[in-house]
Amino acid sequence: MESNTEIPVVEGLFVWSADSTSLIGSKCYGCGVHYFPKSLHCRNPYCNKSQLEVVLISGPGQLRSFTQQYFRPPALFKMENWEPYMIGQVEFPEGVRVMGMLTGFKPDTVKIGAEVTLTVEALYLDDAGRNVMTYKFCPYSSGDKA
Amino acid sequence: MRPVYILGVAAHPWGKFPDKPQLQLAIETTSQALKDAGIGWKNLQGIVAASSRFEGGLGWGLHANELLQNSCETGIAAVNVGGGCAAGGIAIHTAANMIASGQCDIVAAVGAERMPKGFIPRPPGAQDDITDTDYLRWVTMGATNPAYWAMEAKRRTYEVGTSAETYAKAVTLMRQNGSANPLARYRKQTTVEEVLASPMVSDPLHLHQICAVSDGAATLILGTEEQVRRCGVMPLRLASSGVATGSFGDSSLRIPTVSTVKSPDQQSVNHTTEVVSAVNHALNMAGVGLEDINVLELADNTAWHILAWPELFGFFEPGQTDWMLDRGELGLNGKLPINPSGGFLSFGEATTAQGVLQVCEAAWQLRGQASGRQVPNAKVAMTAVLGLGANGASILLTR
């Protein structure tokens, strides 16, 4: 039986509901630049007014590049039933480019430029039996789906 | 500002030395560099150590003070600098400025490292916190260093069409150069077929297209013009040094971040800006143009770096390095000899020592001492190194 309690792998990084997932970022109201994760200060040297507010980044976005990792990462990364998986970088309309795991793509047909959206998946069960979730990128249009 | 010269250089062979503490690597190599300069520990007036957190006491890696307390307690100035793989370059930059400013006449810059095995993990001691991108990249997606470079490599193929064979060919060139370098860890030449038959780590990068992690150490002794005369060494100028960090809007997949911001100004050079800016600082300060460079030692963490970096620095147009490699123009007798040392792909990466090793090789090339891998009549050599967390450094040597 699957546990129904889900917690994020890191607090304050993303939020999700049954039908949508969003990254928690910042927008600078001085210059309009978006950041992910939430930024401590506006990093734009041409911005004279660092005024950050929390915003949600929801996509869809465009896949800039990706790779399949064939070897298991060091122990700080926890994943049950580990097998080679893909990581990609996605550009969102807000101008922020975010890395994350890919899921739900047909193998060997992933392409740079593909439209992707956000989802969450469990990485592992913690000691309390809760599903530890991370954000992932999945196909936006049904044609790319596995 | 006083001109700065290279008095002595030395590097320990790269490899795995589980029975030799980091401190011993540093002491041996520094003793050898001092001998190369014809002086002793007691002649040093300052020492700058490139530090990382992978090994070393007191929590901040190799430190010059500990080095002195275990070698020669003269009471001289000890400075410790960080910057990941760029720390070696930053240490040299700092040492050079201690001489240029008139504070010291002879200063050593040292890097020594023993690395953990396998993928480079998160160094110990940081907070598990949303503000620590190194923490985020591991727990949210397990992004290894090769994954970042692999995505750059795949993007390059998308943009300029670099083939799997060209990425393999870059490795064969490095290993050919490295085969003549007694300090290199991998001294066997290789073929495109062998490279492509090595296990896929993070596509398109195979194991042999990614630098290994090694132990190693290197030391540079810098001094004034007067010290060059006293030591009786070849007058080799450290013409300039540049240190920089990443710029806003840089599109590179920068380890260990999980995101970047698209440049609002698409016209500017906006990739690996920490290294590009360091290179430009060094060139401007020395009044040297790219066309004057005879030897380029760059940090080839992967085959992608060999192809991408010369274009980022402005040596070639986008995609042109592939063509230059094919024509043999990056070899010892080519238009732009890259990494006659054999590079990281022949040495493996001993983080903080790497930036110092590059300058040692530059010195051997300009002295004409790079037997078996000598670039004919090399007069100007440039190094470029990237460090974890948006650090870059570049050193220019002339004779």
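Just so we're clear, the structure is a prediction, and the values are computed from it rather than from any experiment.

A. Geometry of the overall build of chain A. Helix and strand counts for chain A stand at 0 helices and 10 strands. Moving toward the C terminus, one meets the helices and strands of chain A in the order β-β-β-β-β-β-β-β-β-β. Counting only C-alpha atoms, chain A reaches 50 × 40 × 30 Å along its principal axes. In chain A, which comprises 146 residues, the share counted as buried stands at 49%. In chain A, 53% of the contacts between residues at least 6 apart in sequence involve partners at least 24 apart. About 7,400 Å² of surface is accessible on chain A, with carbon and sulfur atoms providing 48% of the total. When the 13 basic and 15 acidic side-chain charges of chain A are each reduced to a single mean position, those positions are 8 Å apart.

B. Here's a closer look at the packing of helix 3 (residues 87–100) of chain B against helix 13 (residues 351–367) of chain B. Residue and element names in this part refer to chain B. Where helix 3 meets helix 13, the axes come as close as 5 Å, and the angle between the chain directions of the two elements is 60 degrees. Considering the angle they form, helix 3 stands oblique to helix 13. Packed against helix 3, whose contacting residues are A87, G88, G89 and I92, the element helix 13 presents T352, G355, V356 and V359 at the interface. Its residues assigned to classes, the contact of helix 3 with helix 13 comprises 4 nonpolar, 4 polar and no charged.

C. Summary view of the interface of chain A and chain B. On the side of chain B, 36 residues touch chain A, which itself brings 43 residues to the contact. In total, about 3,500 Å² of surface goes out of reach between chain A and chain B, with carbon and sulfur atoms giving 67% of it. For chain A, the biggest contributors to the area lost against chain B are L76(A), R97(A) and M99(A); these three give 19% of the whole. Between the two partners, chain A and chain B, sit 1 salt bridge. The residue K262(B) makes a salt bridge to E91(A) at a minimum N-O spacing of 3.0 Å.

D. Representation of the side chain of N44(A) in the model. You can see N44(A) is positioned in the loop between strand 4 (34–35) and strand 5 (52–57). Apart from the residues lying within four places of it in its own chain, the contact partners of N44(A) are C31(A), V33(A), Y35(A) and F248(B).

E. Focus on the side chain of R114(B). Residues and elements named next belong to chain B. Examined against the element boundaries, R114 turns out to sit in the loop between strand 4 (106–113) and helix 4 (133–141). Reaching out from R114, the side chain makes a polar contact with the backbone oxygen of F17 at a distance of 3.0 Å. A polar atom in the side chain of R114 sits 3.1 Å from the backbone oxygen of P18.

F. Region of the structure containing the packing of aromatic side chains. Counted under the stated rule, the structure contains 9 aromatic pairs over all chains. Taken together, the ring pairs in this structure connect F14(A), W16(A), F36(A), F92(A), Y135(A) and F137(A) into an aromatic cluster. The ring centre of Y5(B) lies 5.8 Å from the NZ or CZ of R237(B), which sits over that ring.

G. Spotlight on the pairing of strand 10 (residues 295–298) of chain B. All names here are of chain B. Residues V295 and E297 point to one face of strand 10 and L296 and L298 to the other, with burial holding for every one of them. Strand direction decides the pairing type here: strand 10 and strand 11 (residues 380–387), joined by 4 bridges, are parallel. In the sheet register, L296 faces strand 11, and the bridge partner there is M382.

H. View of the packing of helix 9 (residues 273–286) of chain B against helix 10 (residues 303–313) of chain B. Residue and element names in this part refer to chain B. Running from N to C, helix 9 and helix 10 cross one another at 50 degrees; their axes reach a closest spacing of 10 Å. Between helix 9 and helix 10, the angle is such that the two are oblique. Once helix 9 is placed against helix 10, the crossing between them reads as right-handed. Of the residues in helix 10, those touching helix 9 at V275, V276 and V279 are W309, L312 and F313.

I. The arrangement of unusual backbone geometry in detail. Cis geometry marks the peptide bond from G59(A) to P60(A); its omega dihedral reads 0 degrees. Tracing the backbone through its elements, the reader meets P60(A) in the loop between strand 5 and strand 6 (61–69). At the junction of D203(B) and P204(B), the peptide bond is cis and its omega measures out at 10 degrees in the coordinates. Within the secondary structure, P204(B) is located in the loop between strand 5 (200–202) and strand 6 (205–206). You will see that T272(B), though not glycine, has its phi angle at about 50 degrees, which is positive. Inspection of the secondary structure assignment puts T272(B) in the loop between strand 9 (259–261) and helix 9.

J. Local environment of the nonpolar core. In this structure, Y135(A), I6(B), L222(B), W309(B) and F313(B) are the most contacted members of the largest nonpolar core, which totals 139 residues. Among the nonpolar cores identified, the runner-up in size contains 29 residues, and Y5(B), A64(B), A108(B) and V233(B) belong to it.

What counts as what
- Residues numbered from 1 in each chain as written.
- Chains lettered and ligands numbered in written order.
- Predicted model: local features only at pLDDT ≥ 70, side-chain atom pairs only at ≥ 80, totals over all residues.
- Heavy atoms only, no water.
- Helix = DSSP H or I, 4+ residues; strand = E, 2+ residues; numbered from the N terminus.
- Buried < 20%, exposed > 50% of the residue type's maximum accessible area, 1.4 Å probe, protein only.
- Contact = heavy atoms within 4.5 Å.
- Areas by Shrake-Rupley, 256 points an atom, 1.4 Å probe, with all protein chains shown as cover.
- Lys, Arg positive; Asp, Glu negative; His and termini not counted.
- Charge placed at Lys NZ, Arg CZ, Asp CG, Glu CD.
- Axes fitted to C-alpha atoms, helices over the stretch in contact; angles between N-to-C directions.
- Parallel < 35°, antiparallel > 145°, perpendicular 65-115°, else oblique.
- Nonpolar A, V, L, I, M, F, W, Y, C, P; charged D, E, K, R; others polar.
- Buried area = accessible area lost by both parts, 1.4 Å probe.
- Salt bridge = Lys/Arg side-chain N within 4 Å of Asp/Glu carboxyl O.
- Polar contact = N/O pair within 3.5 Å; in protein donor to acceptor, adjacent residues only side chain to side chain.
- Phe/Tyr/Trp six-rings, centres within 6.5 Å; stacked < 30°, edge-to-face > 60°.
- Lys NZ or Arg CZ within 6 Å of the ring centre and 35° of its normal.
- Pairing = 2+ DSSP bridges.
- Left-handed = near helix turned anticlockwise from the far one by under 90°.
- Core = buried A, V, L, I, M, F, W, Y, C linked by side-chain atoms within 4.5 Å.

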